[in-house]
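Here is what each chain is made of, one letter per residue.
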Amino acid sequence: MKKNYAGLDVLRGFGIFVLVMMHTAFYHFSGLYDLDLDNPPITVTIIGLMLMFAGLFAMISGLVHTLQYERKTSEYKLDPKVILKYILMSFGWMMLVAYLYFNVTGPGIVNMAERSMDESILVHLINTGTLILPSLDRFLYIDSLVMISMNILLVGLLYLLLNKVMKLKKKSWLLLALTVLFFALSLVRIPLYNIYLEGRDSLNWSVILPLNWLVNKNNPILPYFSFALMGMWLAYMILEKDKHFNLKGISVGTVLFVLGVFFYITLPDTMLQRAIDPVWFAIMMAQLGLFALLIVGMLNWFDFKKHPLKPISRFFSRYSKGGLTVFFVESIVSASIRQIMKMFGVTITLDIPGALIFGLCLAIIWGLVLILWEKKNYRFGIEDLMSRSLNKTATSEKLKKLEG
């Protein structure tokens with residue numbers, strides 16, 4: 001079984017690169033509170049779409065973790081109890097990182113109506129010199145790392161369940177069916193989200209606790225587990241050496257993407273208002289198809305056809321290895337840079353092009369840092385610490401990649 005897929009590293013790294021760039025650009029754009037969300041500039045709409053990479057990470061995570069669990073079962077002959085312990089530890093580690101990130105170092109939550117930013121502890125301290133406690137909304141917010149944590153757990157449990165109850169070698173058909181069914185089920189998020197908001201406003205914890213991870217903004221289980229299921233489907237086709245991998249992946253991805261785009265075009269545009277409505281569901285459908293197409297394309301180019309990594313693709317690939325650490329600290333670094341500039345009397349007002357250039361420059365600088373850090377095998381980063389801890393329970397494929 002192939003141990004590392006270069007195409008997935010490049011694609012995931014590119015996604016992290018874009019998020020680092022867009023986070024910086026979005027939160028340092030001086031005209032943020034004056035945007036007309038009913039008639040946004042096309043550049044702002046594009047930025048909004050490019051910030052929605054969570055589904056790509058969910059799909060890659062579902063694919064990679066399925067392959068890893070299969071390797072632990074078939075090659076390393078590990079007991080299911082050991083694999084379960086590994087899954088629970090992976091979930092626990094990522095969830096710890098997720099909540100530390102969003103509450104201590106992460107970006108702000110924008111409140112357009114109040115023209116304010118709900119900031120994390122260190123970002124607020126850097127910007128104002130004042131120490132605060134995170135708001136309740138920050139604790140409840142489902143960011144991409146919380147979503148990945150939940151999918152690590154759900155994918156792992158589903159994998160163990162399928163191995164226990166299904167002795168058939170061909171499981172890919174079931175995963176595709178589960179993907180479609182779960183994605184269709186995600187429509188219930190539309191009414192459930194309003195119920196959740198009512199419970200949140202009244203601090204009704206009997207509503208908040210069961211619904212928060214399921215439906216709250218921004219990346220809840222509904223629908224993002226369906227992205228992980230799509231990744232599992234692709235993984236099982238690889239494991240089964242399906243000769244029709246490309247045909248099936250491209251066909252399903254194209255149908256979902258075309259349908260999603262059609263519904264998005266024909267329904268009223270509410271994307272930047274972040275409404276949970278049919279337009280939101282259309283965007284999710286288009287992304288589910290688009291990300292499947294991207295993964296199939298990258299796997300074909302770099303892994304099946306074995307095209308070598310070039311300088312640019314290798315640049316993005318490093319983000320896949322050390323990008324979590326970069327993602328964890330990028331908000332406090334960009335805030336610090338702006339404050340240092342002010343200390344030296346450099347006050348700049350960033351319009352959309354200026355904010356994008358600022359974000360791009362910082363993302364490239366981080367990429368240069370990763371080039372140097374690669375020579376030290378990304379030591380003492382979050383990925384390194386997590387992998388070394390998990391390696392004590394079962395072999396960590398991530399640690400092998402970092403040290404390779």
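Whatever comes next refers back to the structure up there.
The rules behind these values
- Chains are numbered independently. Their residues run from 1 in the order of the written sequence.
- For this predicted model, a pLDDT threshold of at least 70 governs which residues receive local features, and a threshold of 80 or more governs which side-chain atom pairs are given and counted, while totals over whole chains, interfaces and linings are taken from all residues.
- For side-chain calculations, the full set of non-hydrogen atoms in the structure is used, while hydrogens and water are omitted.
- The nonpolar core is taken to be a set of buried Ala, Val, Leu, Ile, Met, Phe, Trp, Tyr and Cys residues, with the residues joined through side-chain atoms within 4.5 Å.
- Each residue is placed in one exposure class: buried if its accessible area under a 1.4 Å probe, protein chains only, is under 20% of its type's maximum, exposed if it is over 50%, and partly exposed if it falls in between.
- Strands are runs of DSSP state E lasting at least 2 residues, helices are runs of H or I lasting at least 4, and numbering of each runs from the N terminus.
- For this document, the term salt bridge refers to a Lys or Arg side-chain nitrogen within 4 Å of an Asp or Glu carboxyl oxygen.
- A 3.5 Å cut-off defines polar contacts: any pair of N or O atoms within that distance qualifies, except that in protein one atom must be a possible hydrogen donor and the other a possible acceptor, and neighbouring residues in sequence count only when both atoms are side-chain atoms.
- Grid spacing is 1 Å over the protein atoms alone, the probe is 1.4 Å, and a cavity is where that probe fits but cannot get out, while a pocket is an open set with protein on both sides within 12 Å along at least five of seven lines and lining residues have an atom within 4 Å of a point.
- Grid points are joined across faces, edges and corners, and a volume is the space filled by probe spheres set on the points.
- By the convention adopted, Pro, Cys, Tyr, Trp, Phe, Met, Ile, Leu, Val and Ala count as nonpolar, Lys, Arg, Asp and Glu as charged, and the other residues, Gly among them, as polar.

Participant: Tell me about the nonpolar core, residues and numbers included.
Facilitator: Among the nonpolar cores identified, the biggest contains 121 residues, and Leu 63, Ile 295 and Tyr 319 are the most heavily contacted of them. At 15 residues, the largest contribution of residues to this core is made by helix H11 (residues 221-239).

Participant: I'd like to hear about the pattern of salt bridges, residue by residue, with values.
Facilitator: For the structure on display, the rule yields nine salt bridges. When the shortest N-O distance is used, the salt bridge between Glu 397 and Arg 71 registers 3.9 Å. In this pair, Glu 397 is assigned in helix H17 (residues 397-403) and Arg 71 in helix H3 (residues 54-74), connecting sequence segments 326 residues apart. Across the pair, exposure class does not vary: Glu 397 and Arg 71 are buried alike. Put simply, Arg 379, Asp 384, Arg 388 and Glu 403 are held in one network by salt bridges that share partners.

Participant: Describe in detail the side chain of Asp 277, supporting the description with residues and values.
Facilitator: By the secondary structure assignment, Asp 277 is in the loop between helix H12 (245-266) and helix H13 (278-304). Within the structure, Asp 277 has its side chain in polar contact with the backbone nitrogen of Trp 280 (distance 3.0 Å).

Participant: How would you summarise empty space enclosed by the protein if you had to cite specific residues and measurements?
Facilitator: Applying the stated criterion across every chain yields a total of two cavities of 30 Å³ or more. Here the largest cavity is characterised by a volume of approximately 780 Å³. If you go around the largest cavity, you meet 37 residues; those closest to its centre are Arg 12, His 65, Met 94, Ser 320 and Lys 398. Going through the elements one at a time, helix H1 (6-27), H3, helix H4 (80-105), helix H7 (144-165), helix H14 (311-343), helix H16 (382-391) and H17 are the ones with two or more residues in the lining of the largest cavity. Sorting elements by how many residues they give to the lining of the largest cavity places H3 first, with seven residues. Partitioning the lining of the largest cavity into residue classes produces 17 nonpolar, ten polar and ten charged.

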